[in-house]
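# Report on the structure
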Amino acid sequence: TDHSTTITDGRIGFRTGGLDVRVYGYDGKRIGLKGLVDDGAFVDGKPIIIPGNAGEDISGYNLEAEYAMGAINLAASFGQVKYQAADTKVTNKNIDLYEINGSYTIDKTTLALGYVRGEDKANNENANVINNVYANVTQQLHSNVRAYLELGYSDDKKDKLEDFGYVAGLEVKF
């Protein structure tokens, strides 16, 4: 058996009128693998992996729909991501993701609002529900240059996380 990390992902979609529909898929094996024993020992031709350090197998998908009506864009998505220990196959996280967002464009300025909810259904002591809200403003400076600012807030059901974040940036396409 090959004990290397592998990642496969892809996207497929279609566009009709103002509607875009996309499906994304992801499959990663042994993500974060740290557990090969230091001396390179083998048993039956397979490398020995330290229990709990075999990394995670991560798989998921996301279904997304976006509708454009002139200056207004509305979008919604649903996805699922599952994290399993690569050696024991114990599920560490099993997350359902829901998102809605919308934007309005005035001349070269776009204003956007969004909400994301993540529900971990792993049935362990770490399972949680996280809610995120964000607001974004983007200014088109040139045909290939945009400046943006985003503010976001996250909170969880267990009161372990309460975070305010921001990002400012410049996007340049060549």
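Further up the page is the structure itself.
A brief structural summary. (Residues numbered from 1 in each chain as written. Predicted model: local features only at pLDDT ≥ 70, side-chain atom pairs only at ≥ 80, totals over all residues. Heavy atoms only, no water.)

With that settled, the discussion passes to the pairing of strand β9 (residues 129-142). Pairing geometry for strand β8 (residues 109-120) and β9, over eleven bridges, is antiparallel. Bridge pairing in β9 links Val116 to Asn132. Taken together, the twelve bridges between β9 and strand β10 (residues 145-156) define a ladder with antiparallel strand orientation. By the bridge assignment for β10, Asn132 is matched with Ser154. From the end of β9 to the start of β10, which pair antiparallel, there are two residues. (Pairing = 2+ DSSP bridges. Helix = DSSP H or I, 4+ residues; strand = E, 2+ residues; numbered from the N terminus.)

The final tally for this structure, using the stated rule, is eleven salt bridges. Glu66 serves as the salt-bridge partner of Arg22, at 3.1 Å between the closest nitrogen and oxygen. Of this pair, Arg22 sits in strand β2 (residues 19-31) while Glu66 sits in strand β5 (residues 56-69), placing them 44 residues apart in sequence. Under the relative-accessibility criterion, Glu66 is labelled partly exposed at 23%. Across the pair Lys121 and Glu119 runs a salt bridge, and its minimum N-O distance is 3.3 Å. Glu119 sits in the buried class, given a relative accessible area of 16%. Salt bridges here are not isolated pairs; linked through shared partners, they connect Arg15, Asp20, Arg22, Glu64 and Glu66. (Salt bridge = Lys/Arg side-chain N within 4 Å of Asp/Glu carboxyl O. Buried < 20%, exposed > 50% of the residue type's maximum accessible area, 1.4 Å probe, protein only.)

Let us now look at the sheet that holds β2. Backbone hydrogen bonds are what pair the strands of a sheet, in a parallel or an antiparallel way. Strand order in the open sheet made by the nine strands is β1-β2-β5-β6-β7-β8-β9-β10-β11, with antiparallel pairing throughout. Looking at the sheet topology across the chains shown, the edges are occupied by β1 (6-16) and β11 (162-172). Averaged over neighbouring strand pairs, the angle between their axes works out to 15 degrees when direction is ignored. As judged from the eleven bridges shared by β2 and β5, these two strands associate in the antiparallel manner. Residue Tyr26 lies in a different strand from β5, and its bridge partner there is Gly60. (Axes fitted to C-alpha atoms, helices over the stretch in contact; angles between N-to-C directions.)

With respect to the helices and strands, Arg117 occurs in strand β8. Between the C-alpha atoms of Arg117 and Leu97, which are 20 residues apart in sequence, the distance is 5.7 Å. Those residues in contact with Arg117 that lie beyond four places of it in its chain are Asp96, Leu97, Tyr98, Val129, Ile130 and Asn131. Polar contacts involving the side chain of Arg117 include one to the side chain of Glu119, which spans 2.6 Å. A polar atom in the side chain of Arg117 sits 3.0 Å from the side chain of Asn131. (Contact = heavy atoms within 4.5 Å. Polar contact = N/O pair within 3.5 Å; in protein donor to acceptor, adjacent residues only side chain to side chain.)

Of note, Glu64 is situated in strand β5. With 44 residues separating them in the primary sequence, Glu64 and Asp20 have C-alpha atoms 8.1 Å apart. Those residues in contact with Glu64, other than ones at most four positions away along the chain, are Asp20, Val21, Arg22, Tyr24, Ala76 and Ser77. A polar contact is formed between the side chain of Glu64 and the side chain of Arg22, at a distance of 2.7 Å. Looking at Glu64, its side chain comes within polar contact range of the side chain of Tyr24, at 3.5 Å.

A few words now on the packing of aromatic side chains. Evaluated as defined, the whole model comprises two aromatic pairs. Taking the centre distance of 5.1 Å and the plane angle of 50 degrees together, the rings of Phe78 and Tyr98 count as tilted. Linking Phe78 in strand β6 (residues 72-85) with Tyr98 in strand β7 (residues 91-106), this pair joins segments that are 20 residues apart in sequence. A cation sits over an aromatic face here: Lys93 above Tyr83, 5.4 Å from the ring centre. (Phe/Tyr/Trp six-rings, centres within 6.5 Å; stacked < 30°, edge-to-face > 60°. Lys NZ or Arg CZ within 6 Å of the ring centre and 35° of its normal.)

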